[in-house]
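Each chain, written out:
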Amino acid sequence: MLTPEKNQIRAIALYQIIGGILGIALTLWVMFGGEMFVDQMALRIGLFASGLFIFSILCGRMLFRNQKRGLTLSLINQLLQVVYFSFGPYAFQYVAGLRIGIGVDMVEGWVFKFRLALSSFHFSIGTDLGQKFIGVNLIALLLIFWIERLMEKVKV
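None of these values were measured; they are calculated from a predicted model. Every chain begins its residue count from 1, and numbering advances along the sequence as written. In keeping with the predicted nature of the model, local features appear solely for residues at pLDDT of at least 70, side-chain atom pairs appear and are counted solely at 80 or more, and the whole-chain, interface and lining totals rest on all residues. Side-chain numbers here rest on the full set of heavy atoms in the structure, without hydrogens or water.

Draft legend 1. Summary view of unusual backbone geometry. The phi dihedral of Ser-119 is positive, around 25 degrees, even though this residue is not glycine. Positionally, Ser-119 belongs in strand S3 (residues 111–125). Under the DSSP-based scheme used, a helix requires at least four consecutive residues in state H or I and a strand at least two consecutive residues in state E, with every element numbered from the N terminus.

Draft legend 2. Expanded view of the packing of aromatic side chains. We call Phe, Tyr and Trp rings a pair once their centres come within 6.5 Å, taking the six-membered ring for Trp, and we label the pair stacked below 30 degrees between planes, edge-to-face above 60, and tilted otherwise. In this structure the tally under the stated criterion is eight aromatic pairs. When the ring of Phe-85 is compared with that of Phe-87, the centres are 6.5 Å apart and the planes differ by 25 degrees; the resulting orientation is stacked. Think of it in three bands: residues with accessible area under 20% of the maximum for their type are buried, residues over 50% are exposed, and the middle band is partly exposed, with areas taken using a 1.4 Å probe on protein chains only. The class for Phe-85 is partly exposed, based on a relative accessible area of 28%. Between Phe-92 and Phe-121, the aromatic rings sit 6.2 Å apart at their centres with planes inclined by 90 degrees, giving edge-to-face as the arrangement. Of the two residues, Phe-92 is situated in strand S2 (residues 90–105) and Phe-121 in strand S3; the sequence distance between them amounts to 29 residues. By relative accessible area, which is 16% here, Phe-92 ends up buried.

Draft legend 3. Here's a closer look at the pairing of strand S4 (residues 132–137). Only one face of S4 is covered, namely the face carrying Phe-133, Gly-135 and Asn-137; the face carrying Lys-132, Ile-134 and Val-136 is uncovered. We call two strands paired when DSSP finds no fewer than two bridges between them. Summarising the sheet, strand S1 (residues 83–87) and S4 pair through five bridges and their orientation is antiparallel. The residue bridging Ser-86 from the neighbouring strand is Phe-133, located in S4. Inspection of the sheet shows S2 paired to S4 by five bridges, in the antiparallel sense. Paired with Ile-102 across the two strands is Val-136, which belongs to S4.

Structure below.
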């Protein structure tokens, strides 16, 4: 019989697996959909993104096999998704699943923004996109609190 904690762990596992699969599919679609020139740098970034999405899938699978290790890895996975930013030549955004983000765009003053995203990735070093923003993924933050609560309940 499944306890409420096991059902919650199962839900987090499925969320991470589905988010990772969706992320890989969207990455492949963007890279090889015909609208993007795929050079060596694009391939490297695509592999990095795919590695993070595969990590999300593995976190979900681990929750079915070893709850202690799975919850720890899931916590790390969600920590990577909490903050997203772009400042001059540096940018990072990783979402495996859903992002409901709230942040500040600082290009023309301080403008508060609400953003939604589905399994996405953006990484840049050395390419100034003219953006200046920082945001917090509320879904990842909620999952971190949820995972920490589950870690206490299952005596991880």
